[in-house]
Amino acid sequence: MSNIQGKFPSTRLRRNRMREFSRRLIAENNLSSNDLILPLFVCEGNNVEDPILSMPGVNRYSINKLLKKVEDAVRLSIPAIAIFPQIDTELKNAEGSLAVDENNLVCRSIKSIKKEFSEIGIICDVALDPFTNHGHDGLVIDNKIDNDKTLEILEKQALVQVSAGCDVIAPSDMMDGRVGRIRKSLDNNNFQDTLILSYAAKYASGFYGPFRDAIGSGTNLGKDGKLTYQMDPSNSDEALREVAFDISEGADMVMVKPGMPYLDIISKIKSEFKVPTFAYQVSGEYSMIKDSINKGWLNEKVVLESLLSFKRAGANGILTYFALEMAEKLKK
Ligand code: PBG
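Description of the structure in this document.

Procedures and definitions
Residues numbered from 1 in each chain as written. Predicted model: local features only at pLDDT ≥ 70, side-chain atom pairs only at ≥ 80, totals over all residues. Heavy atoms only, no water. Core = buried A, V, L, I, M, F, W, Y, C linked by side-chain atoms within 4.5 Å. Buried < 20%, exposed > 50% of the residue type's maximum accessible area, 1.4 Å probe, protein only. Helix = DSSP H or I, 4+ residues; strand = E, 2+ residues; numbered from the N terminus. Contact = heavy atoms within 4.5 Å. Pairing = 2+ DSSP bridges. Right-handed = clockwise from strand over helix to strand, strands pointing away.

## Re the nonpolar core
Within the largest apolar cluster, 102 residues are counted, with the highest numbers of intra-cluster contacts made by Phe 41, Ile 81, Ile 113 and Tyr 280. It is helix H4 (residues 147-164) that provides the largest number of residues to this core, a total of 8 residues. Residue contacts for Tyr 280: discarding those within four places in its chain leaves Pro 39, Phe 84, Tyr 199, Phe 211, Met 255, Val 256, Lys 257, Pro 258, Gly 259, Glu 285, Leu 319 and Tyr 321.

Now the structure itself:
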């Protein structure tokens, strides 16, 4: 590599950067609306647009208002949305039983969206945390998160969501064996063509704080939080093992979460496995950036800069709360 790079002064790397046209020509990565997935929060009620205080500019919507946001996404050529429910506290219980109810808020949202917008991809989390009163992603038995009993419920949760019309099942709870289990049950029920996007490398992160405010899942997690199932932020080899497992169990796509603090993981996964890989720029990342822009501390150009970092790292796409405003800007 070194001998073909040239020498100063015959070679000047700044020459390519001197004019806008050549900067555009040499750009190694570009962001387009095809790269964006819009996460949306849904709540009960009618005409509700409920601001999430720790996520400036992001709201929870009742289904009728949610449809307007989906319409915006369709208009801006965003390929897919991801739905997250805020379940009323009195409907939550220790088992998260509402998760497997075919008329729950998630399933009703999917059906309403599919009726009006059949083309846009719908991605749904498969995990119990929105539905449990303790906020954990799995069943708590003897003060432990029981992996295998949780799998039985996840399998049913995936089936009700797919029956309602969900296109992509996104297991997000980091239980062992969930992808294989869900794949098998989808196949047995004639859903061979339903995609699985695995939250393969999901870290036990402080950056999920605002999301837990948004769906009300963060209050009773106990002293270890989610450390017995989500990954330790100090690990990276383990992320590769997780991804290898999920691919062997039938995942079509994998995700790394959070995003910007874990760009090294995206890059490693991409070069090791060459599979479709997604990044989740999570709630805390959004709020830091958005709040700083609102305060005038950062220029709004940092949004594009942050999203390009995922493309550079090798991500095929990004879940981001900036999806709508970014797609709007890219159109201009
Ligand atoms: C639930 C889930 C979480 C997020 C997506 N799905 C939070 C958690 O694990 O507590 C976080 C997304 C965000 O912070 O934007 N399993």
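## Considerations on the pairing of strand S9 (residues 195-202)
Counting buried positions along S9 gives 7 out of 8 residues, so the element sits mostly inside the fold. As judged from the 2 bridges shared by strand S8 (residues 168-171) and S9, these two strands associate in the parallel manner. Residue Val 168 lies in a different strand from S9, and its bridge partner there is Leu 195. Each parallel crossover has a hand, and for S8 linked through helix H5 (residues 178-188) to S9 it is right-handed. Here S9 runs beside strand S10 (residues 253-257); their pairing, made up of 4 bridges, is parallel. Following the sheet pairing, Ala 201 is matched in S10 by Val 256.

So yeah, pure geometry; function would need other evidence.
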